[in-house]
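Structural overview for review
The residues making up each chain are set out below.
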Amino acid sequence: MKTMTCKQLGGPCELAHHGESADDVIQAQDRHLKEIVAAGDRAHEQALADMKGRWKRPWSGMKWYKAAKRDFAALPND
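Procedures and definitions
Residues numbered from 1 in each chain as written. Predicted model: local features only at pLDDT ≥ 70, side-chain atom pairs only at ≥ 80, totals over all residues. Heavy atoms only, no water. Axes fitted to C-alpha atoms, helices over the stretch in contact; angles between N-to-C directions. Helix = DSSP H or I, 4+ residues; strand = E, 2+ residues; numbered from the N terminus. Parallel < 35°, antiparallel > 145°, perpendicular 65-115°, else oblique. Left-handed = near helix turned anticlockwise from the far one by under 90°. Contact = heavy atoms within 4.5 Å. Nonpolar A, V, L, I, M, F, W, Y, C, P; charged D, E, K, R; others polar. Core = buried A, V, L, I, M, F, W, Y, C linked by side-chain atoms within 4.5 Å. Buried < 20%, exposed > 50% of the residue type's maximum accessible area, 1.4 Å probe, protein only. Salt bridge = Lys/Arg side-chain N within 4 Å of Asp/Glu carboxyl O.

1. A word on the packing of helix α1 (residues 22-38) against helix α3 (residues 58-74)
Close contact between α1 and α3 brings their axes to 9 Å; oriented N to C, the two are set at 120°. Between α1 and α3, the interaxial angle falls into the category oblique. α1 and α3 meet at a crossing whose hand is right-handed. Between α1, through Ala 22, Asp 23, Val 25 and Ile 26, and α3, the contact on the second element is made entirely by Trp 64, Tyr 65, Ala 68, Lys 69 and Phe 72. For the contact of α1 with α3, the per-class residue count stands at seven nonpolar, no polar and two charged.

Structure below.
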């Protein structure tokens, strides 16, 4: 199990996401962004827009994804 924060994944806060894989924490970040923006948090709107736009631009989206996976792999286990 490893932990990455919202900020480490491109968001504005320090909420910790835990997972066995980078995909686990990326999916948790996606849920967090959708939920918090739906609840009215404006500070996360840009991060949500970036997340949604990431997959509309495959090259830059894959660059972000590979960096997130590399960052996750470099973390110590919790």
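2. Brief notes about the nonpolar core
Met 4, Leu 9, Ala 22, Val 25, Ile 26, Tyr 65, Ala 68 and Phe 72 together form the largest nonpolar core, which totals eight residues. Where this core is concerned, the elements lending two or more residues are α1 and α3. Phe 72 has contacts with Lys 2, Met 4, Gly 19, Glu 20, Ser 21, Ala 22 and Val 25, leaving out every residue within four places of it along the chain. Ranked by size, the runner-up nonpolar core spans seven residues in total, among them Leu 33, Ala 47, Leu 48 and Met 51.

3. Quick word on the pattern of salt bridges
One pass over the structure, following the stated rule, counts two salt bridges. We note a salt bridge from Arg 42 to Glu 45, for which the minimum N-O separation is 3.6 Å. According to the relative accessible area criterion, Arg 42 is exposed, its value standing at 63%. The exposure class assigned to Glu 45 is partly exposed, which follows from its relative accessible area of 33%.

Shape descriptors only; they carry no functional weight alone.
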